[in-house]
Amino acid sequence: TEAVGLYNLGQSCCLNSLLQVFLMNIHFTRILRRITVPPSPAQRRNNVPYQMLLLLEKMQCGKCKAVGPTDLACCLSEHRVELFVQHDAAQLFLTLWNLLKKQMKRPELVEELCDLYTICIQEHVACQKCSFEVKSNSTMLTLPLPVLDANSHRLKTLDDCLQYFFHPEELTGQNMCFCQQCGRKTAFLQSMKLVHLPQTLTLHLKRFCFERSSRTHKLSHHLPFPQELDLRQVLAESQCQADDSEKATWQYELFAVVAHSGSTSYGHYCAYIRSLTDCKWYCFNDSEVCQVSWDDVKCTYGRSNLCWRETAYLLFYMKKHPQ
């Protein structure tokens, strides 16, 4: 069956949750199944895509309710991914993806992997005194969405977070930039425009807040997110740098939620994933997997007075109408 858990090897709940999100994505597993098998035993032991493929086959072919990701964990430790420590899900997701991309030797598979996950952004920096402007394109694996505005006021919905992320920012005072045309530091306007969105869109809700005392605390306030997300309705025309055919594909459906419970110093991760074959929601909590309802998933919206409860941290949306 699809609903196979992963045993916790010791503080491996974050890794387990991310692995389930990867392996329940049939678009990802279609790429994974076409990798080139490394020739030697040593290379196979240290190859993350191959070890992930072995884990997938172990989960699909076995009759156990859960399997142990021991070989993959040992492989990751060879690539300096620490075991038996608490990880941040957004950072570990980036680490896993970079290792997959680096070790998939076939260029066409690397390209497909990038098409599946990477977001293209265009950054604009414009001098407020003259017409000087710099534009640069960059790619991102996740959109890191603030859940507070510049005045530390809570953003109330996912739409608010997305709009705030793409809202232009004035660079004044100590943040002024040197203008080549003016020959001195001037006030600039910095803005981000959305150019291209992937098949699987990953949103990172920045729930962990750094204070001036170098301590972190978790922001657990209520922040709802929809099952269906249409970026054309969320962002203004000025926040996009894409043609109509690109924007036509910006309709998404929620695929998975990686939720965090506990505090910054002690916590636990689990994943809520909508199966792409039977369209039912499942909760993957290490070795325990059970079917859940949308109301169960909505419990990860968060509540300020229940900061130890599960709170959504990573949201994965899947395109409804890809090109």
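Keep in mind that this is a model prediction, so the values were computed, not measured.

Attention shifts here to the state of the cysteines. One pass over the full model with this rule turns up 0 disulfides. Not engaged in a disulfide, the cysteine Cys14 finds its nearest cysteine sulfur in Cys13; these two sulfurs lie 6.5 Å apart. Taking the relative accessible area as the measure of exposure, Cys14 reaches 3% and is therefore buried. Cys75 provides the cysteine sulfur closest to Cys74, a residue in no disulfide bond, and the two sulfurs are 8.8 Å apart. The partly exposed category is assigned to Cys74, whose relative accessible area is 40%.

Turning to the pairing of strand E9 (residues 188–196), a few remarks are in order. One ladder, built from 8 bridges, connects strand E3 (residues 119–127) with E9; its direction is antiparallel. Paired with Val125 across the two strands is Gln190, which belongs to E9. As judged from the 3 bridges shared by strand E6 (residues 169–171) and E9, these two strands associate in the antiparallel manner. By the bridge assignment for E9, Leu171 is matched with Phe188.

The next thing to look at is the domain arrangement of the chain. For the chain, the assigned domains read domain 1 (1–118) and domain 2 (140–174 + 199–322). On a C-alpha basis, the centres of domain 1 and domain 2 stand 23 Å from each other. Contacts between the two partners involve 32 residues from domain 1 and, on the opposite side, 32 residues from domain 2. The largest per-residue losses of area from domain 1 upon contact with domain 2 belong to Val21, Met24 and Gln86, which jointly make up 20% of the total buried on that side. Sorting elements by how many residues they give to the side of domain 1 that touches domain 2 places helix H1 (residues 13–23) first, with 7 residues.

Rules and cut-offs
Residues numbered from 1 in each chain as written. Predicted model: local features only at pLDDT ≥ 70, side-chain atom pairs only at ≥ 80, totals over all residues. Heavy atoms only, no water. Disulfide = S-S within 2.5 Å. Buried < 20%, exposed > 50% of the residue type's maximum accessible area, 1.4 Å probe, protein only. Pairing = 2+ DSSP bridges. Helix = DSSP H or I, 4+ residues; strand = E, 2+ residues; numbered from the N terminus. Domains from an automatic or database assignment. Contact = heavy atoms within 4.5 Å. Buried area = accessible area lost by both parts, 1.4 Å probe.

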